[in-house]
Amino acid sequence: MAIKPATTTATDDATTTSSDPILHLLRILPFSVLRPPRLRLKLPTLTLPTPTTTLSLLLLTYFLVVSGVVYDVIVEPPGIGSTQDPSTGAVRPVVFLSGRVNGQYIIEGLSSGFMFLLAGLGIVLMDLSLDKNRDKNVRVSYGVTGVSALVIGYVMSMLFIRIKIPGYLR
C-alpha cells in the first residue's frame, strides 16, 4: 500500500493532469520562446547589533515601560500638577499625584522610571564587579558604584511611595 506524499495539493494535481489543450499551451508556449534572465543579485547581509547597542535598547525599553509611557499616551495626564496654598493663596507646582495609586503626572512617572533604571544598573554593575579578569581597582569601583546606585534608587523609590501614599509603612 503506497502512501501519497502530503506536499502535493489539489491545484497541483489539476494543472499537471489537466487535458485542456489551451492550458497546456499557456504553460508550455511562453517558456519555449522566452528565457528567464540571469540575475546576479546579492542578498542583503544583516549584521547583528553589538552587545552595547542591545543593552541600550533593552534599557530604553525598560525605562519606557516602567515609566508608564503607555498610560501617558492613553490618558494624557498633565506634566505636573498645581495646588493652592491655603494660607498664602499662592499656586505651587506638584510633581506627585498624592492619594491616587492608579494615576500619575508625566514627571512623576519619568522620575520613578529613572530610579528603577538606576537601581537596575546598580545590580548590573555589582555583577560586573565579580569578574575575576578585571583589575582590582576597577572591580572595587564597579562594586561601590553599583551599591551606591542600588541604594539611591531604593531610597528614592521609597520616598516617592511615601509622598504618593501618605502614611505608607509607618
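The name an unreviewed UniProt entry gives the protein chain is Oligosaccharyltransferase complex subunit ostc, with Saponaria officinalis as the organism. The Subcellular location (unreviewed entry) field of the UniProt record for the protein chain holds the comment "Membrane". Regarding the protein chain, the UniProt comment filed under Sequence similarities (unreviewed entry) reads as follows: "Belongs to the OSTC family."

Q: In this structure, what is going on with the overall build of the protein chain? I would like to understand it.
A: Looking only at helices and strands, the protein chain has 6 helices and 2 strands in total. Starting at the N terminus and walking to the C terminus, you meet the elements of the protein chain as α-α-α-α-β-β-α-α. The globule rule puts the C-alpha radius of gyration for 170 residues at 15 Å, and the 32 Å found for the protein chain is more than 25% above it. Projected onto the principal axes, the alpha-carbon positions of the protein chain cover approximately 95 × 55 × 45 Å. For the protein chain, with 170 residues in total, the buried portion stands at 16%.

Q: Could you clarify how one ought to interpret the packing of aromatic side chains in this entry?
A: The description of an aromatic ring pair rests on the distance of the ring centres and on the angle between the ring planes. Within this structure, the stated rule accounts for 1 aromatic pair. Measuring from centroid to centroid gives 4.9 Å for Phe 96 and Phe 160, while their planes differ by 45 degrees, and the two rings are tilted. Of this pair, Phe 96 sits in the loop between β2 (91-94) and α5 (106-128) while Phe 160 sits in helix α6 (residues 136-164), and the two are 64 residues apart along the sequence. The two residues Phe 96 and Phe 160 agree in class, both being buried.

Q: Just to check I follow, could you spell out unusual backbone geometry for this structure?
A: Note: most peptide bonds trans; most residues except glycine with negative phi. One non-glycine residue with positive phi stands out, namely Glu 76, at about 55 degrees. For Glu 76, a relative accessible area of 64% gives the class exposed.

Q: What should I look at first to understand the pairing of β2 in this one?
A: Taken residue by residue, a regular strand's side chains alternate between the two faces of the sheet. Relative to β2, strand β1 (residues 81-84) runs antiparallel, the two being bridged by 4 bridges. Looking at the pairing, Thr 83 lines up with Arg 92 of β2. Counting the residues in the hairpin turn of β1 and β2 gives 6 residues, including Gly 89, whose phi is positive at 85 degrees.

Q: Is there a simple way to explain the environment of Ser 32 in this structure?
A: Note that Ser 32 resides in helix α2 (residues 21-33). The class for Ser 32 is exposed, based on a relative accessible area of 55%.

Cut-offs and rules
- Residues numbered from 1 in each chain as written.
- Predicted model: local features only at pLDDT ≥ 70, side-chain atom pairs only at ≥ 80, totals over all residues.
- Heavy atoms only, no water.
- UniProt positions renumbered as here; feature names shortened; annotations may be inferred.
- Helix = DSSP H or I, 4+ residues; strand = E, 2+ residues; numbered from the N terminus.
- Rg over C-alpha atoms; globule rule 2.2 N^0.38 Å.
- Buried < 20%, exposed > 50% of the residue type's maximum accessible area, 1.4 Å probe, protein only.
- Phe/Tyr/Trp six-rings, centres within 6.5 Å; stacked < 30°, edge-to-face > 60°.
- Pairing = 2+ DSSP bridges.

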